[in-house]
Amino acid sequence: VCREASRACRAFMGTIVAPDATTRTEGDLLLVSISLPSLRKAGELDLQLAPDRLELTAPGYHLVQPLAQRVRDSEATAKFDKKKRVLTVTLPIVSLDDSNAEGEAEAAAAAAAEVEAAEAAKAASDAHLLRAEKEEEAAEAAVRAAGERLPGARKA
């Protein structure tokens, strides 16, 4: 019989709980330790990472953990300690240089898109002007031809 209100007991009884999680910084790394006392093996959990959050789902557990610093989620590692039943996720912190590089890359992509749009607009405008010139020439030719057919019209 499970009489205490411990997380492990609630997880055992089928209740989904948010596990205890602690976050600390070591140099340029953010370490998130998540206590999962009823988890038997790492294969039972699903870990989703984003630059600003961590989400864990496992039997009896669900955690959405906002991260205090932006991280390079694609370079993260995770290790489950079976004895302690603790998952430790190591996430490289996005440095100011990385942030600047990302911002510069986004700005360069936006500038390139603006140049491409301007070039496309110019090409469309040029094509429109060329069509207008041809239509004007055709109209002038039609007027000349009509004038030549009129009785008493002078030839220029």
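Description of the structure in this document. Bear in mind the structure is a predicted one, so any value in this text is a computation, not a measurement.

With respect to the pattern of salt bridges
In this structure the tally under the stated criterion is two salt bridges. A salt bridge links R24 to E26; its shortest N-O distance comes to 3.1 Å. Relative accessible area serves as the criterion here: at 39%, R24 is assigned to the partly exposed category. R72 is paired through a salt bridge with E75; the nearest N and O atoms lie 3.1 Å apart. Using a relative accessible area of 25% as the deciding quantity, one classes R72 as partly exposed.

Structural notes on the nonpolar core
Ranked by internal contacts, the top residues of the largest apolar core, which has 19 residues, are I34, L36, L56 and L87. Breaking this core down by element, the ones donating at least two residues are β2 (29–35), β4 (53–58), β5 (61–66) and β7 (86–92). Once you skip the residues sitting within four places of it in the chain, L36 turns out to touch P19, L45, L56, Y61, F80, R85 and L87.

Focus on the sheet that holds β2
Ordered by their spatial adjacency, four strands build an open sheet running β1-β2-β7-β6, and the pairing between neighbours is antiparallel. This sheet does not close on itself; its edge strands, each paired only once, are β1 (21–26) and β6 (77–81). Strand-to-strand, the axes of this sheet are offset by a mean angle of 20 degrees, without reference to chain direction. Across six bridges, the pairing between β1 and β2 is antiparallel. Paired with A21 across the two strands is I34, which belongs to β2.

The rules behind each value
- In every chain, residue numbers begin from 1 and rise along the written sequence.
- Whole-chain, interface and lining totals are the exception, using all residues; otherwise, since this is a predicted model, local features are given only for residues with pLDDT of at least 70 and side-chain atom pairs are given and counted only at 80 or more.
- To get the side-chain values, all heavy atoms of the structure are used, and hydrogens and water are removed first.
- What makes a salt bridge here is a side-chain nitrogen of Lys or Arg within 4 Å of a carboxyl oxygen of Asp or Glu, nothing more.
- The buried label applies to any residue whose accessible area, calculated with a 1.4 Å probe on protein chains only, is under 20% of its type's maximum; exposed applies above 50%, and partly exposed to all values in between.
- We call a set of buried residues a nonpolar core when its members are Ala, Val, Leu, Ile, Met, Phe, Trp, Tyr or Cys and they connect through side-chain atoms within 4.5 Å of each other.
- Put simply, DSSP H or I for four residues or longer makes a helix, DSSP E for two residues or longer makes a strand, and each gets a number counted from the N terminus.
- The criterion used for residue contact is that any of the two residues' heavy atoms lie within 4.5 Å.
- In this scheme, strands are said to pair when DSSP sees at least two bridges between them.
- Every angle, taken between N-to-C directions, lies between 0 and 180 degrees, and every axis is a line fitted to C-alpha atoms, over only the stretch in contact when it is a helix.

Just distances and angles here, no functional claims.
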